[in-house]
Amino acid sequence: MNDRRRAINKLNTLLFGKDLRITKGDVYSEIRPFDYSSYYPEDDYIRDQLPPEENVYDIRHFGADVNAEDNAGAISVAVSLAAETGGTVLVRGGTYVTTTVYLQSNVTLFIERGAALSANKTGEGYRHQGILHAENCDNITLTGGGKICGMGEYFGLKPLWDENMLEHPSVIDVVQMRRDSRAQLRFAHPSKYGGAIYFKNCTNVKADNFIIESAAHWSFHLEGCDGVTIENFVINNNRHVANTDGFDIVDSRNMTIHHCFVSTADDGICLKNAVWLGSRQVMEHIAVSDCEVITRANAFKIGTETTHDIRHITVENCSFLMTDLYPGTVSGIAVESADGSVVSDVRVKNIKMSRVTCPIFIRLCNRNRAALVTAESANAVEFGQKKKKGGIAEKDTYDMRGAVQDITVENITATGVEVPVIVAGFKQKNTVKCVENVTLRNIDMQYAPYKEVYDKRAFIPEYSDVYPESWRFRNLPAYALWARHVRGLRLENFRCSLPRSTWKKEIILEDVEKI
């Protein structure tokens, strides 16, 4: 790889540097080496579990058969009967193909370890609602140690590259890194149907001892839910099926995610709160702890789709890593407001990271996406469709409203770092909006043992109205911390070891009020 980005390379990137996206072709269902993580500690999270002995409705008693093309009818009968008695729907004895199953209040779905409910390979019969769907329900439990199988490989296009990339190139070049990552992704085929589990406006949800495998889209999507406990949960996806977020949480509150393993292509644990996703209220009181996350995107992320406020969030005692693929995880902790949301009171502590390129990314910008998309068009391209013009809100409804404030990140160890910690507000239309009150305490980083491409830039654009991501800033002139437009930045015991000489500075602060 060239170790110097010359003027013509920079100009081409600036003028023609659009994101790579494959949009045509047939379904590509081949599973390649290292599509799934070589590290998969299922036994650390999933246990053998006996179903209850009474008030149980075995789906086989209502006609479910492992050889049937669609078992949704039989499963629905069992669900209806269980709802009347507060009973348990039992799935055991193999894998049962089904279209969407609609759960009801007061139902426990018990999938025995070794058994599964599976999507079909056509994508027909789901209407983007996923394999399990619940709406306006109370008291739902998922348990048993079994699986929901999304058959994700059957709903993507062939990647640009013929094989996955395992070796790191000789230099670090974020521009090429971004392209290398996207060249391995399977973008959406028009047959893509949706995710594995979609719960909307539900209360008192419990998921314990459960697996999602090979999702085709968002794996576990909770929208407008209140009172959710998820623990001892595994999400094991193909790490190249695009838009397969692990836990995708929207417009929800009072939630605990504890002792979970996520391996996926897109964001591992992602909090969103946008009007085009159906958000109506403040999103608050969400706690994440004791989780392992392997992802090609962001391990824990607030954003990007953010019009309504998000606050009172804690993340602690977690491990974020990339096991065997190149590039590594985009960011470990990403806290973003892009579309008008006030994101505040976020506390992160005791996190170990390995081969996470950017350990901490804190970003305020003003994409104002509500003026551009509707509920129908927001994710059109992710289902192989064309975007439509028109927004769900007037241009000035959320414009320049966003804020990121009162963020504390502490006790972080990170190895294999390739992008500095980034904390950035923005300047747009002669107005500056700053990230406010950020504390970075006890941060210990070890930079990756590779030479950086020589890429001195005359200026770093604001990127204020585009998709926010740490890689978006390309090759920055700092290796430990790059901050711009920040008020109240506190650094305590902040360090980054560098195994060699570099043209970059350790820390660069621009328009930063440091405490």
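Above this text is the structure in question.
An account of the accompanying structure is given in this report. Because the structure is predicted, anything quoted here is derived from the model rather than measured. (Residues numbered from 1 in each chain as written. Predicted model: local features only at pLDDT ≥ 70, side-chain atom pairs only at ≥ 80, totals over all residues. Heavy atoms only, no water.)

Now for the pairing of strand β2 (residues 88–91). Across a regular strand the side chains alternate sides, sitting on one face of the sheet and then on the other. Side chains of β2 alternate between two faces, with Thr88 and Leu90 and Val89 and Val91 buried alike. Here strand β1 (residues 56–58) pairs with β2 via 3 bridges, running parallel. Looking at β2, one finds that Tyr57 is bridged to Val89. Crossover β1 to β2 through helix α2 (residues 72–85) is right-handed. Bridge count between β2 and strand β5 (residues 107–111): 4 bridges; the pairing is parallel. The partner of Val91 across the bridge, within β5, is Ile111. (Buried < 20%, exposed > 50% of the residue type's maximum accessible area, 1.4 Å probe, protein only. Helix = DSSP H or I, 4+ residues; strand = E, 2+ residues; numbered from the N terminus. Pairing = 2+ DSSP bridges. Right-handed = clockwise from strand over helix to strand, strands pointing away.)

Gly303 connects to Thr304 through a cis peptide bond whose omega is 10 degrees. For the peptide bond that leads from Tyr326 to Pro327, omega is -5 degrees, which places it in the cis range. A positive phi angle, close to 70 degrees, is found at Phe34, a residue other than glycine. In this fold, Phe34 is placed in the loop between α1 (7–16) and β1.

Here Arg367 is to be found in the loop between β24 (356–364) and β25 (403–417). Given a relative accessible area of 13%, Arg367 falls into the buried group. C-alpha of Arg367 to C-alpha of Val466: the two residues are 99 residues apart in sequence and 5.7 Å apart in space. With residues up to four places along the chain from it excluded, the contact list for Arg367 reads Trp276, Thr304, Glu305, Ala338, Asp339, Ser464, Asp465, Val466 and Tyr467. Here Asp339 takes part through its side chain, which lies 3.0 Å from a polar atom of the side chain of Arg367. (Contact = heavy atoms within 4.5 Å. Polar contact = N/O pair within 3.5 Å; in protein donor to acceptor, adjacent residues only side chain to side chain.)

Moving on, we get to helix α3 (residues 174–182). Every buried residue of α3 is accounted for by Val174, Met177, Arg178, Asp180, Ser181 and Arg182. For α3, the secondary structure elements touched by its buried residues are β10 (171–172) and β24. The N-cap of α3, judged by a side-chain oxygen 3.2 Å from the amide nitrogen of Val175 a few residues on, is Asp173.

Here we come to a nonpolar patch on the surface. Taken together, Phe62, Val77 and Leu81 make up a surface patch of nonpolar side chains, about 200 Å² in accessible area. The residue Phe62 is located in the loop between β1 and α2 in this model. Look at Phe62 and you get partly exposed, because its relative accessible area is 30%. (Patch = residues over 30% accessible without salt bridge, like charges linked within 9 Å, V, L, I, M, F, W, Y side chains within 5 Å. Areas by Shrake-Rupley, 256 points an atom, 1.4 Å probe, with all protein chains shown as cover. Salt bridge = Lys/Arg side-chain N within 4 Å of Asp/Glu carboxyl O.)

For strand β18 (residues 283–289), the tally of buried residues reaches 5 of 7 residues, placing the bulk of the element in the interior. Alignment of strand β16 (residues 253–264) against β18, held across 5 bridges, turns out to be parallel. If you follow Ile257 over to β18, its bridge partner there is Val288. Summarising the sheet, β18 and strand β21 (residues 310–321) pair through 6 bridges and their orientation is parallel.

Counted by the stated rule, this structure contains 35 salt bridges. The residue Asp248 makes a salt bridge to Lys272 at a minimum N-O spacing of 3.3 Å. Separated by 24 residues along the polypeptide, Asp248 in strand β15 (residues 247–250) and Lys272 in strand β17 (residues 269–273) bring together distant segments of the chain. Across the pair, Lys272 and Asp248 agree in class, each one buried. For the salt bridge of Lys301 with Asp267, the shortest nitrogen-to-oxygen distance reads 3.3 Å. Of this pair, Lys301 sits in strand β20 (residues 298–306) while Asp267 is found in the loop between β16 and β17, placing the two residues 34 residues apart along the sequence. With respect to burial, Lys301 and Asp267 carry one shared label: buried.

This paragraph deals with the packing of aromatic side chains. For the structure on display, the rule yields 15 aromatic pairs. Through successive ring pairs, a cluster of aromatic residues spans Phe199, Phe210, Phe220, Phe233 and Phe247. (Phe/Tyr/Trp six-rings, centres within 6.5 Å; stacked < 30°, edge-to-face > 60°.)

The next point concerns the side chain of Arg296. Structurally, Arg296 can be placed in the loop between β19 (292–295) and β20. Despite its burial, Arg296 pairs with no opposite charge, the nearest such side chain being Asp35 at 7.4 Å. Sequence-distant contacts of Arg296, defined by excluding residues within four places in its chain, comprise Ser181, Gln184, Arg239, His240, Thr264, Ala265, Met322, Leu325, Tyr326, Pro327, Gly328 and Val330. (Lys, Arg positive; Asp, Glu negative; His and termini not counted.)

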